[in-house]
Amino acid sequence: MSIEDRLNGSEHNKPDKKYTKQDIGNQVTLNIDGVVLTDVVVEVALPGRGSIIGPTFVCAHIFARLTMMEAMMAASAHANKERDDWSDEMA
């Protein structure tokens, strides 16, 4: 099972817990691909999207995905241009 399935829940692996403001500051244990992590529940503000509550590790993963989309699209456009320019030179 992929780390994304473990973090997001899949049909066979739904998260056991939905974290709330009452959980913030509590220590939790995560088991991701057999690696046991002790973590703390936090609230993380998302740019323009409210906030998320959960273990630091999980929130970091979600935050990175949401905040890196613009950079990912820019890098993809640059890579496509470089590839197209290289293809034109080879023709």
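Residues numbered from 1 in each chain as written. Predicted model: local features only at pLDDT ≥ 70, side-chain atom pairs only at ≥ 80, totals over all residues. Heavy atoms only, no water.

*Asks:* Can you break down the side chain of D23 residue by residue, with the values?
*Replies:* You can see D23 is positioned in the loop between helix 1 (3-8) and strand 1 (27-32). Other than its neighbours up to four places away in sequence, D23 contacts K17, K18 and V41. (Helix = DSSP H or I, 4+ residues; strand = E, 2+ residues; numbered from the N terminus. Contact = heavy atoms within 4.5 Å.)

*Asks:* Give a detailed account of the sheet that holds strand 1, specifying residues and quantitative values.
*Replies:* Strand order in this open sheet of three strands is 1-2-3, and the pairing throughout is antiparallel. Each edge of the open sheet carries a strand with a single partner, namely strand 1 and strand 3 (50-55). Across the sheet, the mean angle from the axis of one strand to that of its neighbour is 40 degrees, orientation sign disregarded. Looking at chain direction, strand 1 and strand 2 (residues 35-46) are connected through six bridges and run antiparallel. Its bridge partner lying in strand 2, T29 is registered against T38. Across the sheet, helix 2 (residues 56-67) touches strand 1, strand 2 and strand 3, and the angle it forms with strand 2 is around 50 degrees. (Pairing = 2+ DSSP bridges. Axes fitted to C-alpha atoms, helices over the stretch in contact; angles between N-to-C directions.)

*Asks:* Please set out the nonpolar core residue by residue, giving values where relevant.
*Replies:* Ranked by size, the top nonpolar core spans five residues in total: V28, L30, I32, V41 and V58. If you tally residues by element for this core, the top one is strand 1, at three residues. (Core = buried A, V, L, I, M, F, W, Y, C linked by side-chain atoms within 4.5 Å. Buried < 20%, exposed > 50% of the residue type's maximum accessible area, 1.4 Å probe, protein only.)

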